[in-house]
Amino acid sequence: MLLKKKGNTVYRGKIMEKEKKYEPSLIEEKWRRIWEEKKINYTDVNTTKKKYYCLDMFPYPSGSGLHVGHWRGYVLSDVWARYMRLQGYHVLHPMGWDSFGLPAENDAIKKGIHPKISTRNNIDNIRRQLKEIGAMYDWTKEINTSDPEYYKWTQWIFLQMFHKGLAYRAEMPINWCPNCKTGLANEEVINGNCERCGTSVTKKRLMQWMLKITAYAERLLNDLDRLDWPEKVKIMQKNWIGKSEGASIIFKIVNESCLDLEVFTTRADTLFGATYVVIAPEHPLIFKITTPEKIQEVKKYVEEATTKSELERTHLLHEKTGVFTGAYAINPVNGKKVPIWVADYVLAHYGSGAIMSVPAHDQRDFEFAKKFGLPVIEVIHSDNAIRNDDGSLAAAYEGPGILINSGQFNGIESEKAKYLITKWLEENKMGTFKTTYRLRDWVFSRQRYWGEPIPIVYCDKCGIVPVREKDLPVVLPDVESYKPTGTGKSPLAAIPEFVNTKCPQCSGHATRETDTMPQWAGSSWYFLRYPNPDLKTAAFDRKIVDRWLPVDCYIGGVEHAILHLLYARFFTKFLYDIGAIGFDEPFLKLFNQGMVTKFSEKTGKLEKMSKSKGNVVNPDPLVKKYGTDTVRLYELFIGPPELDSEWNDSGIEGCYRFLKKAWNFVIQQVEKNSETDIDSKKRLHLLIKRVTERINEFKLNTAISAFMEFMKDLPDNCCFSRQDIEKFIILISPFAPHFAEELWQEFLGHSDTVFNAKWPDVQQQIISEETITLPVQVDGKVRATVSVEKTANSEEILKKAIESVSKFIQGKDIVKKIYIPGKIISIVTQKK
RNA sequence: GCCGGAGUGGUGGAACUGGCAGACGCGCUGGACUCAAAAUCCAGUGGGCGCAAGUCCGUGAGGGUUCAAAUCCCUCCUCCGGCACCA
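Predicted, not measured: the structure shown is a model, and the values here were computed from it.

Student: I would appreciate a short explanation of the overall build of chain A in the present structure.
Tutor: Counting its secondary structure elements, chain A contains 27 helices and 34 strands. Expressed along its principal axes, the backbone C-alpha trace of chain A runs to roughly 105 × 90 × 50 Å. Looking at chain A as a whole, 55% of its 832 residues are labelled buried. Considering only residue pairs separated by 6 or more positions, chain A has 71% of its internal contacts joining residues 24 or more positions apart. Of the roughly 37,100 Å² of accessible surface on chain A, 50% is carried by carbon and sulfur atoms. Here chain A contributes 117 positive and 106 negative side-chain charges, whose respective centroids are spaced 2 Å apart.

Student: What should I look at first to understand the state of the cysteines in this one?
Tutor: Each disulfide consists of one covalent bond between the sulfur atoms belonging to two cysteines. Within this structure, the stated rule accounts for zero disulfides. No disulfide involves C553; its sulfur sits 5.3 Å from that of C54, the nearest cysteine. Left unpaired, C718 is separated from the closest cysteine sulfur, that of C719, by 6.6 Å.

Student: Teacher, can you tell me more about a positive patch on the surface here?
Tutor: Taken together, the side chains of K21, R657, K660, K661 and K712 present a region of like positive charge at the surface. Sort the elements by how many residues they give to the positive patch and helix α20 (residues 652–672) lands first, with three residues. With respect to the secondary-structure elements, K661 resides in helix α20. On the basis of relative accessibility, which here comes to 52%, the residue K661 falls in the exposed class.

Student: What is the right way to look at the sheet that holds strand β23 (residues 463–466) in this model?
Tutor: Within a beta sheet, neighbouring strands are joined by backbone hydrogen bonds and run either parallel or antiparallel to one another. With antiparallel pairing, the four strands of this open sheet are ordered in space as β23-β22-β25-β24. In this open sheet, the two edge strands, each paired with only one partner strand, are β23 and β24 (500–502). Neighbour-to-neighbour, the strand axes of this sheet turn through a mean angle of 40°, independent of strand direction. In this sheet, β23 lies alongside strand β22 (residues 456–459) in antiparallel orientation, the contact comprising four bridges.

Student: Could you clarify how one ought to interpret the protein's contact with RNA strand B in this entry?
Tutor: Around RNA strand B sit 49 residues, and of these T266, Y350, R364, R657 and S826 come closest. Atoms of RNA strand B within 4 Å of the protein belong to the sugar or the phosphate in 62% of instances, the rest to bases. Separating a phosphate oxygen of RNA strand B from a side-chain N or O atom of N701 is a distance of 2.8 Å. Within the side chain of S826, a nitrogen or oxygen atom sits 2.6 Å from a base oxygen of RNA strand B.

Student: What is the right way to read the side chain of T47 from this model?
Tutor: Residue position: T47 is located in the loop between α1 (24–37) and β3 (51–56). Within the local environment of T47, its side chain forms a polar contact with the backbone nitrogen of K49, the two atoms lying 3.0 Å apart. Contact partners of T47, with chain neighbours within four places excluded, come to H90, R547 and W548.

Student: Help me out: how do you make sense of the sheet that holds strand β30 (residues 645–646) in this one?
Tutor: Strand order across the open sheet formed by three strands is β29-β28-β30, with mixed pairing between neighbours. Two strands in the sheet have a free side with no partner beyond their single neighbour: β29 (606–608) and β30. In terms of strand pairing, strand β28 (residues 596–599) meets β29 through three bridges, oriented antiparallel. By the bridge assignment, T597 is partnered in β29 with K608.

Student: Any chance you could explain helix α9 (residues 295–307) here in plain terms?
Tutor: For an α-helix, 3.6 residues make a turn, and residues three or four places apart therefore share a direction. Here α9 contains 13 residues, and its C-alpha end-to-end distance of 18 Å stays within 8% of the 18 Å for a straight helix at 1.5 Å per residue. Among the residues of α9, those classed as buried are V298, Y301, V302 and A305. Within α9, the buried residues cover an arc of 100° as seen down the axis, which keeps them to one side. Structural note: α9 exposes Q296, K300, E303 and T307 on the side pointing more than 90 degrees away from its buried face.

Student: Even after reading the chapter, I still don't get the nonpolar core, so can you show me in this structure?
Tutor: Ranked by size, the top nonpolar core spans 179 residues in total, and within it L130, F158, W442, Y526, F527, F728 and F735 carry the most contacts. Among all residues touching F735, those that are not within four sequence positions of it are V79, D629, R632, L633, L636, V691, I695, L700, A703, I704 and F707. Ranked by size, the runner-up nonpolar core spans 56 residues in total, among them L259, I289, Y301 and V346.

Student: In this structure, what is going on with helix α26 (residues 794–804)? I would like to understand it.
Tutor: For α26, the full list of buried residues reads I797, L798 and A801. Projected down its long axis, α26 carries its buried residues within an arc of 95°, all on one side. Every exposed residue of α26 that faces more than 90 degrees away from the buried side is listed here: E795, K799 and E803.

Student: Sorry, what's going on with a negative patch on the surface here?
Tutor: On the surface, a cluster of negative charge is made up of E770, E789, E795 and E796. Among the structural elements, E796 can be located in helix α26.

Student: Would you take a moment to explain the side chain of Q447 for this structure?
Tutor: Mapping Q447 onto the fold places it in the loop between β21 (442–443) and β22. In this structure the side chain of Q447 is engaged in a polar contact, spanning 3.3 Å, whose partner is the side chain of D515. If near-sequence neighbours (up to four positions away) are discounted, Q447 is found in contact with W176, K181, T182, G183, L206, Q208, G488, K489, S490, P491 and D515.

Student: Where do I start with the pattern of salt bridges in this structure?
Tutor: Two side chains bearing opposite charge may form a pair once their charged atoms approach each other closely. With the rule as written, the count across this model stands at 41 salt bridges. Across the pair K470 and D471 runs a salt bridge, and its minimum N-O distance is 3.7 Å. On the basis of relative accessibility, which here comes to 66%, the residue K470 falls in the exposed class. Among the charged side chains, a salt-bridge network with shared partners connects D223, R226, R569, K573, D584 and E585.

Student: Looking at this model, I keep getting lost on the packing of aromatic side chains. Mind explaining?
Tutor: Between two aromatic rings, the relevant description is the distance of the centres plus the angle of the planes. Taken as a whole and judged by the stated rule, the model has 54 aromatic pairs. With centroids separated by 5.3 Å and ring planes inclined at 45°, the aromatic side chains of Y345 and F368 adopt a geometry described as tilted. Linking Y345 in the loop between β16 (337–342) and β17 (354–357) with F368 in helix α11 (residues 363–372), this pair joins segments that are 23 residues apart in sequence. Judged by relative accessible area, which is 0%, F368 ranks as buried. For the pair W525 and F540, a centre-to-centre distance of 6.5 Å together with 55° between the ring planes defines the contact as tilted. Of this pair, W525 sits in the loop between α14 (520–523) and α15 (526–529) while F540 sits in the loop between α15 and α16 (542–548), and the two are 15 residues apart along the sequence. What makes W525 buried here is its relative accessible area of 0%. Positioned above the aromatic ring of Y328 is the side chain of K337, whose terminal nitrogen or guanidinium carbon lies 4.6 Å from the ring centre. Here the basic side chain of R438 rests over the ring of W240, its NZ or CZ set 4.3 Å away from the ring centre.

Cut-offs used in this document
- Residues numbered from 1 in each chain as written.
- Chains lettered and ligands numbered in written order.
- Predicted model: local features only at pLDDT ≥ 70, side-chain atom pairs only at ≥ 80, totals over all residues.
- Heavy atoms only, no water.
- Helix = DSSP H or I, 4+ residues; strand = E, 2+ residues; numbered from the N terminus.
- Buried < 20%, exposed > 50% of the residue type's maximum accessible area, 1.4 Å probe, protein only.
- Contact = heavy atoms within 4.5 Å.
- Areas by Shrake-Rupley, 256 points an atom, 1.4 Å probe, with all protein chains shown as cover.
- Lys, Arg positive; Asp, Glu negative; His and termini not counted.
- Charge placed at Lys NZ, Arg CZ, Asp CG, Glu CD.
- Disulfide = S-S within 2.5 Å.
- Patch = residues over 30% accessible without salt bridge, like charges linked within 9 Å, V, L, I, M, F, W, Y side chains within 5 Å.
- Salt bridge = Lys/Arg side-chain N within 4 Å of Asp/Glu carboxyl O.
- Pairing = 2+ DSSP bridges.
- Axes fitted to C-alpha atoms, helices over the stretch in contact; angles between N-to-C directions.
- Near = heavy atom within 4 Å.
- Polar contact = N/O pair within 3.5 Å; in protein donor to acceptor, adjacent residues only side chain to side chain.
- Expected span 1.5 Å × (residues − 1).
- Arc of directions from axis to C-beta.
- Core = buried A, V, L, I, M, F, W, Y, C linked by side-chain atoms within 4.5 Å.
- Phe/Tyr/Trp six-rings, centres within 6.5 Å; stacked < 30°, edge-to-face > 60°.
- Lys NZ or Arg CZ within 6 Å of the ring centre and 35° of its normal.

Geometric values such as these leave the question of function open.
In structure tokens form, the structure reads like this:
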């Protein structure tokens, strides 16, 4: 019974005799408290029910808190997790903190607070904000990568890699960020700049711990096929791994016949056109082969090249430079003597750090040859080559063609010649088929304080010795000064109590490794820890992780497409190989939510929401005004979840109005206490069908539209039974959990949570129509619609259709009649 | 340069496998309620022409396939993201 009273819609329910309208502020906090008290989100990992692991990419606890952009992914995963729960799954939906690493540390330095304290404060703040979202996280499984009880096991995994030879030390020029004062992984350098602070990255030669991720290149590549991931991410990983099949060819060095110069090429077919050889400035043979009269010049060039920044070398200076070493090599296929040059367009870390140069068929070599007057010999003929008036090549021809100037291989098609020439080299022991990868080993050392200490000691007698497993964790010491030194050593090196230790093997004097691990270490296996976060005896319980993993659905931003996802796959495969787990891919399904953008006054463009762009929208005032459920709805309604969406505050009103209407609808219908009429039954089941389908397809924006349409189209006199109203509440509960719970328990009087209810089934026979309405087109234009019995045959239907458009076909001949069952009728006419 | 994604009213966005373009929301206009406002409710809302019934045009541009194209094909433009001297 509806009463008008002071402008408010009120109801008299069975349970209470007081007036009530939709007031989120009165219900949301209450339910969050009750859910926590009753532990309804606690996941018993020992359950025998079918499981579902729905994981968010865990955040790093920055000081600036969450904005509406962060909400989007969390709301999305929560709707999905709640939906799967209502589908009868036992859902694990955990949350934790990626709290080691540069962002946390830089933030701490900026504020002058110890990272340990600031991290704890930030975590407390973000946890509070996350709880406001109302997500069903099982907080008893919270983990924190900077907790010694956690990083003990990160160190343990490192030791396992060390034992298998996958963690090794190497002195090499690495990417160095002068601002963050630390080495960086290849993956952390974006366009020659530091991923974190944007500073131009330089090179620094340092002794580094490396992880041999390249040993897994082939598997990391192949197994992508098994994953239900966005194609975009798979392609990005594929490109990053960069598999390239070709040949390794040996060039003997003139007068140094014991020295072999190995080059890698994908164009063995052009071997006869190799007119010189180029080695990278970092090539190990460089000073062995350079002739005495050239040594000064080469030395100078190498020095210049190796101190250039990554940006200069790879992005800015495409003008070719190089010097002749004075040495010559022998082209194995024809015995020709060719000069050896040093040039920095050849990269030391790819292939063998040396190339054969074929200026006629490689544009880079062409430019170099032109600049230094080196010969160009065409060996692939094609009419598609671009030529000067005199017939010489105007640019390298890189396409396919027929071999010329190539001895016994003349006349062969280039693709075929690749194989034949490589085979010939192999038979003559001057080369092999070879596959190379762009992927490089992972630089695992950071010269910073806030990370996992690498559990290694250096003993004067025994050398490099791993810390015994029983002595883990190597605890990060509390220090006053944790600022980076910039010397290439971590701040830990300045703490004698930390550095000086005893050798685990001989008990003699030893010093600890003082570098720490990169931020990506802890996040490479955290998903394995959630099901058993408090386990003291191991990183994880194999029985439990094998039951709960792989993660069924992983939700997060696309910015981690390469870094985190590749590293996590690598760790998982390694743990599989050593028998620690029974699966070798961590994440079966990946969903990347789009960014939330907003116009930035600073840049004058639409930008991803971020503090630095000055375009963040704080959810707190919105929650205060409309309630969490409305904000949740709007986060989803704003656009397709996988695409970027522009935030606009004004749209949120629509979601609030909808919830108010839905609230009143439920109350009115329960008050009516009648049976569901046929029309309403049909509407409800159509809604169930649409919402279910759209959630399954992750089209949550249109799932919400379906609810709005349902509400909007209801006739005034519609009637729904209590049972059907319950279905409606269950249907909306993943989207607006507080709203649904209040109606379910408080208004309808259930004693258990709505999230233990069962997702409603569609009754197909209710929504199937006996008559259908079809549009009728004449010459491609819709001119009428006809209602026909579903069972009618096509002749009847066409007859009816033609009658309906008689006006439009008068004086014309019908040349074609098309009836697509259930879809459309199309009449084609011609003038008489 | 290469590889992805996108381009639809005033606006955010719908549209299954080629089958009534613009669902739903915002905004706007008009109306109801009110002393008045807010809130709420009802109606309208792509553009042109027309009093109207209507009718023509319309999914970044231009071509094509088809009875039928936002959707498929070709050429091109713009924006966003990734990679980029990887031999």
